[in-house]
Amino acid sequence: MKWVLKLLVGSLVVLLVTLSFASTRITFWHMYDSGPGKELMDEIIKEFNETNELGIEVKALAISFWDYWDKLGVAMAAGEEPDVFMHDLGNVPSRAYKGIIADLTPYIEARGMDADKLFFEVPFSMCKWEGKVYALPFETDVRLLYYNKDLFKLAGLDPERPPKTWKELWEYADKITKKTAEGEYDILGFNPLYGQSYFWIYVWGIGGTFLENGKIKVNNPSIVKALEEWVAMLKKLGIKKLQNFNAKYGWGSDAFLSGKLGMVIQVGQYGSTIRTFAPNVNYGVTYIPYPARKATWSNGFSLEVSSRSEHRKEAAEFALYLVSKEVQLLFAQKLNSLVCNKEAAFDPTLMQNPEWKLQVNALQYSRFRPFVLEAPTWYEELQKAVDEAVLKGKDVKRALDDAQKRIEAEILRFKMTNK
Amino acid sequence: MAERQHRKLLKHKQNTIGYLFAFSWIVNLLVFVLFPIAFSAYLSFTRYDGVNPPKWLGLTNYKIMFTLDPSFWKAFGNTLYYMFGSVFLKVFISLILAVILNNARKGMGVFRTIFFLPVVLPVVPVMFLWMMLFNPNGLINRFLAFFGIPGPLWLNSPAWSKPALIMMSLWGVGGIIVIFLAALQDIPRNLYEAAQLDGANSVHIFFRITLPMLSPVILFCVVTGFISASQVFAEAYIMTGGGPLESTTFVNLKIYLLAFKQGDMGYASAMAWFMFLIMVPLTIVVFRVFRKWLTID
């Protein structure tokens, strides 16, 4: 019977030794759930698992963008969120305030990284709250003006000279527009209600701002002026006619790809959409025209570490790996995604591509919608004011005043419930 | 004596077995239905972001709802609009269709199937179908244009979005028609025969016999219809997202958005409890009004 005992002890020792050298397992949720995005993410995670020196093993779960938020929200409520996850770069402080996400400053400092220099300023500023870094900027975007060169030629315009100012934009648009016999729009030069054209981009373009002494103020004179101009533009085109035009292109068909829209504001990755789905559309791309100064709007995805994770250090290690130059370069090269690591974005080969260069340069004129902890969705109230003025003909000043009141009520509500 | 004792024991044993069989259902009811309901009542007095433990606030959530949040009242108004619009229209139209079907000599089975068919179809694809119909260039507006009527923007118009959803709810009349048909066939023949002998015409017969005899069933359809219409959610969630201009933001959608998108479970629970508490007096009012209008046995 002695050999049985020996065997038992022996196997126990082997087991203990393996356990002590076993890797730390961390979980990671992201949104690259199909196509080349998933392939690249899988590859990068595999590479990390094989090469990292801390013995970290990342278990990743890819969830489609549409299901991602519900699933992550429920997981957070149950306290079962992954150790590290992708999230919305636009509202990092609301999670920092709730205490769900970990302060990453110590991990960044331990590496001796100068994060302020490494990342683009605009997206990185969204990661900070009360002087600490709560997220890493993974991927961002910018809005640009895409225009159809063939339609430009047809209208007698120079296809190599896109509009620079908003005035030029309308001059060009009027030349491109063609109506049907019934007076509806067949080809439209530009439609401010289509694509990624939003009122706040126009506000920034005329030099307006939503903040006054650090407080949100959507009814300040610059915004009232912007909305008056915005409504006048739409009225001139005919709101109902614009909506009829849009209704034709709601179901997986796109007015610009169909060659029925002269100019459109879209995100930076739209170029590859055109090349894939409408290779015969001869397009050009430029900055969004501006009434007073260049402006565009950014959004993006962050990487965040759960504050309740037992492996915060390892999770931060992996997050930092994902924003390292090598990995970010792969995302830029293979997926054309606008990465936040400057060293990767300014890669000389990438910068030879004029479309890439334009995106990178546009980032310096770009901004996020300002974040307000007490009313993180304040812009929905602004959008409502815009819709009221446009669709219902409500007085511009009154619509914005009412929006400001609603936002202030929301802020008051936050204060009442967060004593 | 022994006999009696034996019976008692047997009855006791049978009861135990009965409770044992019902045990899993009772546990289910307690754990997954009653407990969450009671817990949401507690949450309505707290701030609960879904992450940190709930913090007691007393009546603050209710105070905010009544004094600080006009968007809640807008959602409440939208819900009432939809409830009254869809329930009465649905009951009215299915009553007419049921009476016609009941008098049809031929084809009742076929038409009953046709009207009931939409009820069986899964709702989401049906909603996409209706979105295509309501498209400003869609079938409905083309049909109207044929008569020279310029169609509205339907789901894209703040004024027409609710009427559009009410129109869409008529899609589900089949369920009510089937109930009405069964009730119509339950009305004793001799009443009709007696009326005909007395020389009553069909209008009299309808208003003096058919309608009063149907009134309990109508009441049932109205009350259950009200309750289910007050829970309208999927249409707005899928077809309009609550827009345009919050014209289709119903209370349930608002509760969902607050709880799961904004992480404001406490406030959302307060709204849910207000809705629950308002449905009770509303149902009583419907009962009272009906008792005045119609005779109920």
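Residues numbered from 1 in each chain as written. Chains lettered and ligands numbered in written order. Predicted model: local features only at pLDDT ≥ 70, side-chain atom pairs only at ≥ 80, totals over all residues. Heavy atoms only, no water.

> So what's going on with unusual backbone geometry? Residues and values would help.
All names here are of chain B. Even without being glycine, W154 reaches a positive phi, approximately 50 degrees. Along the polypeptide, W154 turns up in the loop between α6 (139–146) and α7 (161–169). Overall, the relative accessible area of 5% leaves W154 in the buried class. Unusually for a residue other than glycine, L245 sits at a positive phi of about 55 degrees. Mapped onto the elements of the fold, L245 is located in the loop between α11 (234–240) and α12 (251–261). A relative accessible area of 7% means that L245 is categorised as buried. (Helix = DSSP H or I, 4+ residues; strand = E, 2+ residues; numbered from the N terminus. Buried < 20%, exposed > 50% of the residue type's maximum accessible area, 1.4 Å probe, protein only.)

> I'd like a description of the sheet that holds strand β9 (residues 185–190) of chain A, backed by residues and values.
Strand pairing in a sheet relies on backbone hydrogen bonds, with the paired strands running either antiparallel or parallel. All names here are of chain A. Strand order in the open sheet made by the five strands is β8-β9-β12-β7-β13, with mixed pairing throughout. Of all the strands in the sheet, the pair left with one neighbour each is β8 (178–179) and β13 (283–286). Bridge count for strand β7 (residues 143–148) against β13 is four bridges, and the pairing is antiparallel. Bridge pairing in β13 places Y147 opposite G284. The strands touched by helix α9 (residues 166–176) within the sheet are β7, β8, β9 and β12 (261–267), with β9 carrying the most contacts at an inclination of about 160 degrees. (Pairing = 2+ DSSP bridges. Contact = heavy atoms within 4.5 Å. Axes fitted to C-alpha atoms, helices over the stretch in contact; angles between N-to-C directions.)

> Kindly report on the domain arrangement of chain A, identifying the contributing residues and their values.
Residue and element names in this part refer to chain A. The domain boundaries assigned to chain A delineate domain 1 (22–140 + 299–367) and domain 2 (143–297 + 373–417). Measuring from the centre of the C-alpha atoms in domain 1 to the corresponding centre in domain 2 gives 30 Å. Across the contact, 17 residues belong to domain 1 and 20 residues belong to domain 2. Taken together, both faces of the contact between domain 1 and domain 2 bury some 1,600 Å²; the carbon and sulfur share is 57%. Among the residues of domain 1 in contact with domain 2, E355, Y365 and R367 are the three that bury the most area, contributing 41% of the side total. In this assembly, domain 1 and domain 2 are joined by one salt bridge. With a closest N to O distance of 3.4 Å, E355 and R275 form a salt bridge. At the junction of domain 1 with domain 2, the criterion picks out five residue pairs in polar contact (both at pLDDT 80 or more). (Domains from an automatic or database assignment. Buried area = accessible area lost by both parts, 1.4 Å probe. Salt bridge = Lys/Arg side-chain N within 4 Å of Asp/Glu carboxyl O. Polar contact = N/O pair within 3.5 Å; in protein donor to acceptor, adjacent residues only side chain to side chain.)

> Any details on the sheet that holds strand β15 (residues 300–305) of chain A? Residues and values, ideally.
All names here are of chain A. If you walk across this open sheet you meet the six strands as β2-β1-β3-β15-β6-β16, and the pairing is mixed. At either margin of the open sheet sits one strand with a lone partner, and together these are β2 (56–62) and β16 (338–339). The sheet contact formed by strand β6 (residues 136–140) and β15 spans four bridges and is antiparallel. Across the sheet, the residue bridging to T140 is G300, located in β15. Against the sheet, helix α3 (residues 65–77) makes contact with β1 (24–30), β2, β3 (84–88) and β15, and its axis sits at roughly 120 degrees relative to β3, the strand it touches most.

> Please set out the interface of chain A and chain B residue by residue, giving values where relevant.
By a widespread convention, an interface's size corresponds to the accessible area lost as its parts come together. Contacts between chain A and chain B engage 26 residues on the former and 32 residues on the latter. Scanning the region where chain A abuts chain B turns up three salt bridges. B:E246 is the salt-bridge partner of A:K384, the closest N and O atoms lying 3.0 Å from each other. Where chain A touches chain B, the interface holds ten residue pairs in polar contact (both at pLDDT 80 or more). If you list the elements that add at least two residues to the side of chain A that touches chain B, you get α3, α12 (239–248), α19 (378–391) and α20 (396–417) of chain A. Counting residues per element, the side of chain A that touches chain B draws most heavily on α20(A), which supplies six residues. Residues of the side of chain A that touches chain B, tallied by class, amount to nine nonpolar, five polar and twelve charged. (Nonpolar A, V, L, I, M, F, W, Y, C, P; charged D, E, K, R; others polar.)

> Help me get a handle on a nonpolar patch on the surface, residues and values and all.
Where nonpolar side chains cluster on the molecular surface, the patch consists of B:Y19, B:L20, B:F23, B:W25, B:I26, B:V27, B:L30, B:V31, B:F32, B:V33, B:L34 and B:I37 and spans about 1,200 Å² of accessible area. Assignment of secondary structure puts B:F32 in helix α1 (residues 2–43). (Patch = residues over 30% accessible without salt bridge, like charges linked within 9 Å, V, L, I, M, F, W, Y side chains within 5 Å. Areas by Shrake-Rupley, 256 points an atom, 1.4 Å probe, with all protein chains shown as cover.)

> Outline the packing of aromatic side chains, supporting the account with residue identities and numerical values.
One pass over the structure, following the stated rule, counts 65 aromatic pairs over all chains. Centre to centre, the rings of A:F65 and A:F301 are 6.4 Å apart; their planes meet at 65 degrees, and the pair counts as edge-to-face. Highlighted residues: A:F65 in helix α3 and A:F301 in strand β15, separated in sequence by 236 residues. Taking relative accessible area as the criterion, A:F65 reaches 35% and is therefore assigned partly exposed. Assessed through its relative accessible area of 22%, A:F301 is described here as partly exposed. The cationic tip of A:R143 hangs over the ring face of A:W297; the distance from NZ or CZ to the ring centre is 4.2 Å. Against the face of B:Y81 rests B:K162, its NZ or CZ located 5.1 Å from the ring centre. (Phe/Tyr/Trp six-rings, centres within 6.5 Å; stacked < 30°, edge-to-face > 60°. Lys NZ or Arg CZ within 6 Å of the ring centre and 35° of its normal.)

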